[in-house]
Amino acid sequence: MRTWFPYPLLSIALLLMWLLLSQSVTPGSIVLGLVVSTVLAWVTLNLQPARSRLHRWSRIAGFILRVVGDVIRSNVAVTLIILNAGRRPVHAGFMTVSLDLDDENALALLACVLTATPGTAWLEYDRRQKILLFHVLDIENEDLWRKTITRYAADLKEIFE
Amino acid sequence: MSHLTDLPPWAALLVCGLMLIGAATTLIGSLGLLRLPDFYARLHAPTIATSGGTILLCLASILCFAVLQSRWVFHEVLIIFFVTVTTPVTLMLLGQATLYRDRFEERQGVPRKPKPAPGEE
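Please read all numbers here as calculations on a predicted model, not as lab measurements.

> Which residues make up the overall build of chain B, and what are the values?
Looking only at helices and strands, chain B has four helices and zero strands in total. In terms of overall dimensions, chain B has a C-alpha envelope of 70 × 35 × 20 Å along the principal axes. Within the span of chain B, comprising 121 residues, buried residues form 35% of the whole. The long-range share in chain B, meaning contacts at least 24 apart out of those at least 6 apart in sequence, stands at 59%.

> Describe in detail the environment of tryptophan 18 of chain A, supporting the description with residues and values.
Among the structural elements, tryptophan 18 of chain A can be located in helix 1 (residues 8-22). Along the primary structure tryptophan 18 of chain A and leucine 34 of chain A are separated by 16 residues, whereas in three dimensions their C-alpha atoms are 8.9 Å apart.

> How would you summarise the environment of isoleucine 48 of chain B if you had to cite specific residues and measurements?
Topologically, isoleucine 48 of chain B is positioned in helix 3 (residues 44-68). A relative accessible area of 0% means that isoleucine 48 of chain B is categorised as buried. As for isoleucine 48 of chain B and isoleucine 79 of chain B, which are separated by 31 residues in sequence, their C-alpha atoms are 16 Å apart. Apart from residues lying up to four places away in sequence, isoleucine 48 of chain B is in contact with Asn75, Val78, Thr79, Ile82 and Pro118 of chain A together with Thr25, Gly29 and Gly53 of chain B.

> Break down the pairing of strand 3 (residues 131-136) of chain A for me, with residues and values.
All names here are of chain A. Taken across its six residues, strand 3 has five buried, putting it largely inside the fold. Note that strand 1 (residues 93-98) and strand 3 share six bridges and pair antiparallel. Residue glycine 93 lies in a different strand from strand 3, and its bridge partner there is valine 136. As paired strands, strand 2 (residues 120-126) and strand 3 are joined by six bridges and run antiparallel to one another. What sits directly across from aspartate 126, in strand 3, is isoleucine 131. The turn joining strand 2 and strand 3, which pair antiparallel and follow one another in sequence, is formed by four residues; a positive phi near 55° is taken by lysine 130.

> Residues and numbers for the interface of chain B and chain A, please.
The extent of an interface is frequently quoted as the accessible surface area lost upon association of the parts. Contact residues are listed per partner, giving 40 residues for chain B and 33 residues for chain A. Run the count over chain B and chain A and you get one salt bridge. The closest approach of N and O atoms between glutamate 124 of chain A and arginine 103 of chain B, which form a salt bridge, is 3.1 Å. Contributing elements (two or more residues each) for the side of chain B that touches chain A: helix 1 (9-35), helix 2 (39-42), helix 3 and helix 4 (76-104) of chain B. Tallying contributions element by element places helix 4 of chain B first for the side of chain B that touches chain A, with 12 residues. Taken together, the residues of the side of chain B that touches chain A break down into 22 nonpolar, 11 polar and seven charged.

> Explain the packing of aromatic side chains residue by residue, including any values.
In total, this model carries six aromatic pairs over all chains according to the counting rule given. Between tryptophan 122 of chain A and tyrosine 125 of chain A the ring centres are 6.2 Å apart and the planes differ by 45°, which places this aromatic pair in the tilted class. The pair formed by tryptophan 122 of chain A and tyrosine 125 of chain A is uniform in burial state, with each residue classed as buried. An aromatic cluster of three or more residues is present, and its members are Phe94 of chain A together with Phe39 and Tyr40 of chain B.

> Run through the sheet that holds strand 2 of chain A, naming residues and quoting values.
Two strands in a sheet stick together by hydrogen bonds in their backbones, pointing the same way (parallel) or opposite ways (antiparallel). The sheet built from three strands is open, its strands ordered 1-3-2 (chain A) with antiparallel pairing. Two strands in the sheet have a free side with no partner beyond their single neighbour: strand 1 and strand 2 of chain A. For this sheet, the mean angle separating the axes of adjacent strands, direction not counted, is 25°. Running at roughly 65° to strand 2 of chain A, helix 4 of chain B makes contact with strand 1, strand 2 and strand 3 of chain A of the sheet.

> Tell me about the layout of surface pockets, and name the residues and values.
Residue and element names in this part refer to chain A. One number sums up the size of the second largest pocket: a volume of about 370 Å³. The wall of the second largest pocket is formed by 19 residues, among which Asp70, Arg73, Leu144, Trp145 and Thr148 lie closest to the centre. Contributions of two or more residues to the lining of the second largest pocket are made by helix 3 (57-83) and helix 5 (142-160). Per element, the largest residue contribution to the lining of the second largest pocket is seven residues, and it comes from helix 5.

> How would you explain the pattern of salt bridges if you had to name every residue and give the values?
On inspection of all chains with the given rule, the structure shows nine salt bridges over all chains. Here lysine 157 of chain A and aspartate 100 of chain A are joined by a salt bridge, their closest N and O atoms 3.7 Å apart. With lysine 157 of chain A in helix 5 and aspartate 100 of chain A in the loop between strand 1 and helix 4 (104-116), this pair connects stretches of sequence that are 57 residues apart. Assessed through its relative accessible area of 29%, lysine 157 of chain A is described here as partly exposed. Residue class for aspartate 100 of chain A comes out partly exposed when judged on its relative accessible area of 45%. Among the charged side chains, a network of salt bridges with common partners joins Arg101, Asp102 and Arg107 of chain B.

The rules behind each value
- Residues numbered from 1 in each chain as written.
- Chains lettered and ligands numbered in written order.
- Predicted model: local features only at pLDDT ≥ 70, side-chain atom pairs only at ≥ 80, totals over all residues.
- Heavy atoms only, no water.
- Helix = DSSP H or I, 4+ residues; strand = E, 2+ residues; numbered from the N terminus.
- Buried < 20%, exposed > 50% of the residue type's maximum accessible area, 1.4 Å probe, protein only.
- Contact = heavy atoms within 4.5 Å.
- Pairing = 2+ DSSP bridges.
- Salt bridge = Lys/Arg side-chain N within 4 Å of Asp/Glu carboxyl O.
- Nonpolar A, V, L, I, M, F, W, Y, C, P; charged D, E, K, R; others polar.
- Phe/Tyr/Trp six-rings, centres within 6.5 Å; stacked < 30°, edge-to-face > 60°.
- Axes fitted to C-alpha atoms, helices over the stretch in contact; angles between N-to-C directions.
- 1 Å grid on protein atoms, 1.4 Å probe; cavity = no way out; pocket = protein on both sides within 12 Å on 5 of 7 lines; lining within 4 Å.
- Points joined across faces, edges and corners; volume = space filled by probe spheres on them.

Below is the structure:
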């Protein structure tokens, strides 16, 4: 099974993407999509991406909901900061947080989440000391940001490790 | 696109609203590039456009064509997905390059590179 489908999740995602792009679920496009997704999974094998296992599927929905809520809130907050930038000085600053994450895919996901949240920008991750350096637009809520990111890291650790 | 007039009023209003808010969000994101004080703060501005703006505009597109063709249209989700997944790459690249330059020039207020713990290296 592993020889034929080295990355089952990737193959399923590719098949789904193929069906979405061709906008049809006829048997023909499904067969073509299966062939393409299987072949592309073999190609990916040569890139040797880090393999990770998802452990707690039940946690994923809650994590996504929290991320969506935070992204919306942060969008509004940053919009207000930009609109008020002329009148009120912007208190931006650097922050460091120590993360307890080893899984590469979990780190990549965390980077996507932090980037999608307009209030935070991922700058540097020190792999040996596990310290993440990032920049926030309103340093006044430093504790809140720290709490949010530690929470994300804990969730991702539960899902991935 | 003359058949756009076939859109029922409720859908037209919703699509218009989503598009206007999305466009305004993207505009504010670009405005941020102009108004924010330094490079690191400016890093935040385009992410408003890529998260808020893209999602709202894609939602408007999904709704519009789903109602017009009276079937589910989902391939805009791929745009949202790929924009969300690829933005961090550019952003990190820019951030790291600036961080490298500022550390090299020893600019004030930029955090130093963390010292390796004793015993390592």
